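So you can see what is in the structure, the chains are spelled out below.
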Amino acid sequence: MRIRVNADKCTGHARCYGLAPDLFDMDDYGLSSVVRVGTVPAEFEDKARLAIVNCPEYAIEEFPE
Amino acid sequence: MTDSVSDWAVDYDIFDPAYVADPFSIWDDLRDRCPVARSPRYGGSWLPTRMADVTEIARDIEHFSSREITVVPTDADSDVLPAGSPPIQADPPVHTWTRRLLLPWFSHSRVATYEPYTRDLCNQLIDGFAAAGSADAAADYAQQIPVRVIGRILGVPDDMSDTFTGWVRSILEFAYDQERRIAARDEAVTYFLGEMERRRGGDGDDLISTLLRSEVDGEQVSDAFILGMVGLALIAGADTTWSALGSSLWHLATHEDDRKRLVADPGLLPVAVEEFLRAYSPVTMARIVATDVEVAGCPMHAGDRVLMNFPAANRDPDAFEEADRVIIDRAVNRHVAFGAGIHRCAGSNLARMELTVAIEEWLQRIPDYRLEEGSLVTWAGGQVRGPRSVPVVFP
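This structure is a prediction, so every number in the text was calculated from the model and none was measured.

Reading guide: rules and limits
Residues numbered from 1 in each chain as written. Chains lettered and ligands numbered in written order. Predicted model: local features only at pLDDT ≥ 70, side-chain atom pairs only at ≥ 80, totals over all residues. Heavy atoms only, no water. Helix = DSSP H or I, 4+ residues; strand = E, 2+ residues; numbered from the N terminus. Rg over C-alpha atoms; globule rule 2.2 N^0.38 Å. Buried < 20%, exposed > 50% of the residue type's maximum accessible area, 1.4 Å probe, protein only. Contact = heavy atoms within 4.5 Å. Areas by Shrake-Rupley, 256 points an atom, 1.4 Å probe, with all protein chains shown as cover. Lys, Arg positive; Asp, Glu negative; His and termini not counted. Charge placed at Lys NZ, Arg CZ, Asp CG, Glu CD. Axes fitted to C-alpha atoms, helices over the stretch in contact; angles between N-to-C directions. Left-handed = near helix turned anticlockwise from the far one by under 90°. Nonpolar A, V, L, I, M, F, W, Y, C, P; charged D, E, K, R; others polar. Arc of directions from axis to C-beta. Disulfide = S-S within 2.5 Å. Phe/Tyr/Trp six-rings, centres within 6.5 Å; stacked < 30°, edge-to-face > 60°. Pairing = 2+ DSSP bridges. Buried area = accessible area lost by both parts, 1.4 Å probe. Salt bridge = Lys/Arg side-chain N within 4 Å of Asp/Glu carboxyl O. Polar contact = N/O pair within 3.5 Å; in protein donor to acceptor, adjacent residues only side chain to side chain. pLDDT = per-residue confidence, 0-100.

**With respect to the overall build of chain B**
Logical step 1: Along its length, chain B carries 16 helices and 14 strands.
Logical step 2: Here the C-alpha atoms of chain B give a radius of gyration of 20 Å, agreeing with the 21 Å that 2.2 N^0.38 yields for 395 residues.
Logical step 3: Sorting the 395 residues of chain B into buried and exposed places 60% on the buried side.
Logical step 4: Nonlocal contacts in chain B, meaning residues at least 24 apart in sequence, comprise 70% of its contacts between residues at least 6 apart.
Logical step 5: With the model as given, the accessible surface of chain B reaches about 15500 Å², and the carbon-plus-sulfur share is 52%.
Logical step 6: Treating the 37 positive side-chain charges of chain B as one cloud and the 62 negative ones as another, the clouds have centres 3 Å apart.

**Things to note about the packing of helix α12 (residues 223-254) of chain B against helix α16 (residues 348-365) of chain B**
Residue and element names in this part refer to chain B.
Logical step 1: Here α12 crosses α16 at 35°, and the two axes come no closer than 10 Å. The crossing of α12 and α16 is right-handed. Along the contact surface, α12 presents Thr241, Ala244, Leu245, Ser248, Leu249 and Leu252, while α16 presents Ala351, Glu354, Leu355, Ala358, Ile359, Trp362 and Leu363.
Logical step 2: When grouped by side-chain class, the residues that make up the contact of α12 with α16 number 10 nonpolar, two polar and one charged.

**What to know about helix α5 (residues 94-102) of chain B**
Logical step 1: Of all the positions in α5 of chain B, only His95, Thr98, Arg99, Leu101 and Leu102 of chain B are classed as buried. With its buried residues spanning 155° around the axis, α5 of chain B presents them on a single face.

**What about the state of the cysteines?**
One covalent bond between the sulfur atoms of two cysteine residues makes up a disulfide.
Logical step 1: If you walk through the whole model with that rule in mind, you get zero disulfides over all chains.
Logical step 2: The cysteine Cys298 of chain B is free of any disulfide, with Cys34 of chain B supplying the nearest cysteine sulfur at 6.3 Å.

**Notes on the packing of aromatic side chains**
Residue and element names in this part refer to chain B.
Logical step 1: This structure, assessed with the given rule, holds 18 aromatic pairs over all chains.
Logical step 2: Where Tyr19 meets Trp27, the ring centres are 6.2 Å apart and the plane angle is 75°; that geometry is what we call edge-to-face. A single burial state applies to Tyr19 and to Trp27, both of which are buried.
Logical step 3: Judged by centre distance (5.6 Å) and plane angle (45°), the ring pair of Phe164 and Trp167 falls under tilted. On the criterion of helical spacing, the pair formed by Phe164 and Trp167 is a turn pair, its members being three residues apart in helix α9 (residues 161-173).

**Brief notes about the sheet that holds strand β14 (residues 391-393) of chain B**
Logical step 1: Sheet architecture is open: three strands sit in the order β4-β14-β11 (chain B), paired in antiparallel fashion. A single partner strand is all that each edge strand has here, and the edge strands are β4 (134-136) and β11 (370-371) of chain B.

**Side note on the interface of chain B and chain A**
Logical step 1: Each partner contributes residues to the interface: chain B has 23 residues there, and chain A has 19 residues.
Logical step 2: Buried area between chain B and chain A, summed over both chains or domains, comes out near 1700 Å², and the portion from carbon and sulfur atoms is 49%.
Logical step 3: The largest share of the area that chain B buries against chain A comes from His108, Arg334 and Arg344 of chain B, three residues that together contribute 36% of it.
Logical step 4: Linking chain B with chain A are two salt bridges.
Logical step 5: Its salt-bridge partner being Glu274 of chain B, residue Arg15 of chain A comes within 3.5 Å of it at the nearest N-O pair.
Logical step 6: The interface formed by chain B and chain A holds 12 residue pairs in polar contact (both at pLDDT 80 or more) in total.
Logical step 7: Every element with two or more residues in the side of chain B that touches chain A is listed here: α5, α6 (108-129) and α16 of chain B.
Logical step 8: Across the side of chain B that touches chain A, the residue classes tally to seven nonpolar, nine polar and seven charged.

**What to know about the side chain of His63 of chain B**
Residue and element names in this part refer to chain B.
Logical step 1: Along the chain, His63 turns up in the loop between α4 (51-59) and β3 (64-65).
Logical step 2: Side-chain polar atoms of His63 contact the side chain of Asp60, separated by 2.9 Å.
Logical step 3: What His63 contacts, discounting residues up to four positions off in sequence, is Ile288, Val289, Ala290, Thr291, Asp292 and Val293.

**Section: the confidence of the model for chain A**
Logical step 1: Here chain A shows a mean pLDDT of 93. Residues at 70 or above account for 98%.
Logical step 2: For chain A, per-element mean pLDDT is lowest for strand β3 (residues 32-34) of chain A, which scores 89, and highest for helix α2 (residues 45-54) of chain A, which scores 97.

Laid out in structure tokens, this is it:
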């Protein structure tokens, strides 16, 4: 599973970081980015899906392998 | 507050006691028959109640300006607040650079440094009433916490907290009383101008001192902007979070199953906090229509006021399953309690930390509590909705 944060949509709600701190980084301005170039370890896939469905800006996208 | 409302679709009054006490049934009714309501009160405004409409407006900064963001007109403020209260009351480009100055103060890593103080504060407050077996969870606890944390960030003494609370209530809760609002605003402006003078040229590490030293594009930030940002930090940092915290503690006083579950499984708290934020969203903002535009078939004209009904959007059954039920382990929860788009609440990380820590400490010390029989829970509403008094007892 690979995910990315669409920087044009992210406004820093930080819901992804709250739900999956292993998968996302937050900068000083509250904006989110994915770690490990967006590759989600198998054990974190459920958390990645939770992050996707809780983002108020629909900014987290899953993209094909 | 004036005459009683006959039809909420064309004459709503968000300060009406019926709306303050139970806005939920009013929103449900409006969503069904008139999802964008209209009222001539307080200078006139529109009131969208669906998630789709509210978020569309929040993200459309071309047609909707943040040059005014209060639910009642505050035109008279421009004399004493010449730069307004940026970034919340600003459009790009001013919004962009003022927000960048404030955001690092509320980043995840910075907020973590405020946590030990917050935890100590919660415990000191509980020490004050634990032995009594009763307390007002709103006035004695919720209302005391955020105002002190933001005071610490601003670098002002703890003993100003009650004064701050009074100002914030007059400016938000009693905004329809212009005389009271303006008197509080003037006191706050005078106070913060004095604090700015006291710090000018110094090397303090509080927010006010740091803003005084900051430069944007090689130029010192002018006092008008600093005053606006500092005032905003106080107002936005106090009433909003204490209201959300009061609602959460009220919910747990009245829903024994949820309370027992959180006591048994504190790890669930961060998810529960998001649900409390959704179900009891405190904040309604406003926008001003910049150029004529249509929303859900309603013709909005330049200069019209639109109330950003984030609380109603968060109860929209098209956006949430069982929207009217509080489900503390709700898995899918794209709530917009902190707004949406470029004006997402700059202090949301701080608010979350305060809510989580304050509920956690309360439940650890007072796991079993309920509303005091025969007592009156009172709510405030308008720009910010939350309980002002939640009398509880505990064995």
